[in-house]
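The chain contents come next:
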Amino acid sequence: MGDQMQFIVEKLNQEPFRKNYNLISFDSLESVQLLQLLNDVLGEIDPKHAVDIREELPEQTAKRMLSLLGILKYKPPGNVSDLSAFRQGLVTGSKPVIHPLLHWLLQRTHELKKRAYLARFLVKLEVPAEFLQDDTVADINKQYEELMEAFKNLHKEYEHLKISGLSTAEIRRDISAMEEEKDQLVKRVERLKKRVETVQNHQRMLEIARQLRLEKEREESLAQQKQEQKSQLFHAEQRLQRAQLQLKEMQDAVADSKPESLMKKLEEEINFNSYLVTEKMPRELESKKASVYLLQKVVAEPAMTQSDLTALQSEINEVNAQMNQLTEKRMMKYEPTDSKFSMYRQQASIISRKKEAKAEELQAAKEEMSRLERQVQQRSSQAHELEGSEILTEDELKQYVNKLRSKNTLYKKKRLEIAEITAEYGILQRTEELLKQRHEAIQQQLQVIEEKKGISGYSYTQEELERVSAVKSEMDEMKGQTLDNMSEMVKKLNAVVAEKKASLAPVIKELRQLRQKCQELTQECDEKKIQYDSCAAGLESNRSALEQEVKGLLEACAQEESNYRYIHCMRRTLEVQLQRAKEEMKAYVSPDPQERRKAIREQYTRMILEQENLGKKLREKQKVVRESHGPNMKQRKMWQDFEQLMECKRECFQKQQNQAAIGQVIQEGVLQFLYSIWFWWINKESNRPVCEASPPLFQ
């Protein structure tokens, strides 16, 4: 309990609460202060709950807090498991209720913020079934569910992007770095352009370089296409090998089996497949659908913690135990041991389980066999790539094994011979060393004796003469062998040439006959070709004439068809016009005034009267305009003169603006002039209305 309070005080003293509590001050808080503190923590998790509890009733506060705690999936500890006691403690601000709740909330604030945020959009509103009978309500509810699903998908993408590590700052840095690289490249290109402009024929060289780059890119693309085509060819060869292997296996199976065995095998496969389709697959499909439904239901709910999962697991275990007890009770009640059906049911269930087990084993064996076949094909393709050899069949493999055995026996014999030869070689090598030592000792003795006799070097000279004579004899022998070989080779060549002439003589005779026959056939072929060309030319001319005739007939047919369609359209138009004329006549002679008003003649008559009245009004307006045109033009001319006069006065005033008295006199004169003009205009136009007689300035 002390650790719990210590944790709560530490969390409340940090951001964003900053309460500055210690253990004594926190423990001395009253119930209302504890409730307000709990409400502040809940307001941090969900901003909607950031209110003052003194402004609402205790029942409303408890209801609001309980609803949020239900969304957050809070479960009271064991000592306050009773929901009514927990609610009462929450209303009264009991410390045994508030302290564990604060500890639970502050322990997982970030997770609970996320859950509260998602609950605002994912807690589904339950609409009563009778309201869903209305189409509008049902459509709105469907849109609501679709928007909820869309929100789920968007939130998942957002979480995935947060986890993926992509940040806008890094992207911006990358973009700025790429822009800098782009600027550097642009500057470098400009420098290179300036450097290249001084070279003669730089445009032609640039064009050649561009063509070279295009050709290199084309070469790369062609190489890639070549590689792809090689891989496609390799895959096609693999497929061909697999097909040939399957064909060979099927041929072997057909050759080694009888029709009765094939029919029996097919019946077994059909029975097995029918069992899979009718019994096994539907059960698996139903179980998969049920599991998918449960998973979707779990995904739709807010995230659960490990404690929630533990509680659910304990509930599942309790429910399973209750189900087992109920099943045992039912079996004891409705299925006595002396019943005959129980034995049959047990046997049937055992047989069905065995059948399912065997079917699963068979399916697993088939999958294993297909996997092994794929491995064999893969290994064969790898062997084909490495060595270029084909995979061996069973008989070829046996022959290969027998050959390996014989070669192994031969290898062992040869290895024994090599060991014997090696031992003998060691003995001979030792003998040679001993003989060399003896020879050196004898040579030394011989040199000593020659020095004593006064003929030193005699033995060396004699050895050199013997060696030279031996070399000469060998050379003579080699020359003789070479001459003998050359003579034998000439004889062999002459014999081979004679043999080839003898063997080619009948072939040459046959070839002459075939050449003569070929000439005859060539001559006959030329004649037939001439006949064929003449016949083909005649047929081609006939075909072109028939094509022209068919083309002309098709054009005539199309023309006639277009004429028919035009006449048909004209006929339909005339029928419609005739129908409208009949309806117009019927409406015109009808005694009903409403029907007569619908007639087109009446409508056009009304339109003509309206247009005549409009024309009369326009003519009257035109007459008025013509009468007032002369005075209006005169008035316009007077105002233009007045405007020029005022402009002249303004210029004079600007020239003499320093003379105030003169300017005042001018202003008075201008005003007097305006008043005189105005009274003159009124007197002259007194016979006209005011709106027409007044100048445009005063209208």
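Going along each chain's sequence as written, the residues are numbered from 1 onward. Per-residue local features of the predicted model are confined to residues with pLDDT of at least 70, and side-chain atom pairs are confined, for both listing and counting, to 80 or more; whole-chain, interface and lining totals are unaffected and use all residues. Excluding hydrogens and water, the side-chain figures rest on all heavy atoms present in the structure.

> I keep staring at a negative patch on the surface and nothing clicks. Help me out?
Note on patches: the residues involved have over 30% relative accessible area and no salt bridge, like charges join within 9 Å, and the nonpolar side chains Val, Leu, Ile, Met, Phe, Trp and Tyr join within 5 Å. Computed by Shrake-Rupley with a 1.4 Å probe, the accessible areas treat only the displayed protein chains as cover when residues are assessed. Whenever a carboxyl oxygen of Asp or Glu lies within 4 Å of a side-chain nitrogen of Lys or Arg, that contact is scored as a salt bridge. Charged residues are defined narrowly, with Lys and Arg counted positive, Asp and Glu counted negative, and His plus the chain ends left uncounted. Where a charge lies is defined by one atom per residue type: Lys uses NZ, Arg uses CZ, Asp uses CG and Glu uses CD. Among the surface-exposed residues, Glu-179, Glu-180, Glu-181 and Asp-183 lie close enough to one another that they form a single negatively charged patch. Relative to the assigned elements, Glu-179 resides in helix H9 (residues 168–197). Exposure categories follow from relative accessible area, calculated using a 1.4 Å probe and restricted to protein chains: below 20% of the type maximum is buried, above 50% is exposed, and the middle band is partly exposed. Judged by relative accessible area, Glu-179 falls into the partly exposed class, the value being 48%. Only DSSP runs of H or I reaching four residues or more are called helices, and only runs of E reaching two or more are called strands; each is numbered from the N terminus.

> How do you make sense of the confidence of the model for the protein chain when you look at a structure like this?
The predicted coordinates should not be examined in detail at positions where pLDDT is low. Looking at the protein chain as a whole, its pLDDT mean stands at 78, while 86% of the residues score no less than 70. Every residue in residues 686–699 scores below 50 in pLDDT, and together they form 20 contacts with partners more than four places removed in sequence or on other chains. pLDDT runs from 0 to 100 and stands for how confident the predictor is about each residue. Contacts between residues were defined by any pair of non-hydrogen atoms, one from each residue, lying within 4.5 Å.

> Can you walk me through the side chain of His-155 in this structure?
Along the polypeptide, His-155 turns up in helix H8 (residues 135–164). Assessed through its relative accessible area of 14%, His-155 is described here as buried. Dropping the residues within four chain positions of it, His-155 is found in contact with Lys-114 and Leu-118.

> For this particular structure, what's the right way to read unusual backbone geometry?
Apart from glycine, the bulk of residues carry a negative phi angle, and the bulk of peptide bonds sit in the trans form. A positive phi angle, near 60°, is found at Lys-73, a position not held by glycine. Relative to the elements of secondary structure, Lys-73 occurs in the loop between helix H4 (58–71) and helix H5 (83–92). Residue Lys-73 is classed as partly exposed on the basis of its relative accessible area of 28%.

> Explain helix H3 (residues 31–45) here, please?
Given 3.6 residues to a turn, an α-helix orients residues that are three or four positions apart in the same direction. In this analysis, the expected span of each helix is defined as 1.5 Å times one less than the number of residues it contains. For H3, with 15 residues, the first-to-last C-alpha span of 21 Å sits near the 21 Å given by 1.5 Å per residue. Among all positions in H3, only Leu-34, Leu-35, Leu-37, Leu-38, Asn-39, Val-41, Leu-42, Gly-43 and Ile-45 are buried. Among the structural elements, helix H1 (2–13), helix H2 (23–27), H4, H5, helix H6 (95–107) and helix H7 (109–122) are those in contact with the buried residues of H3.

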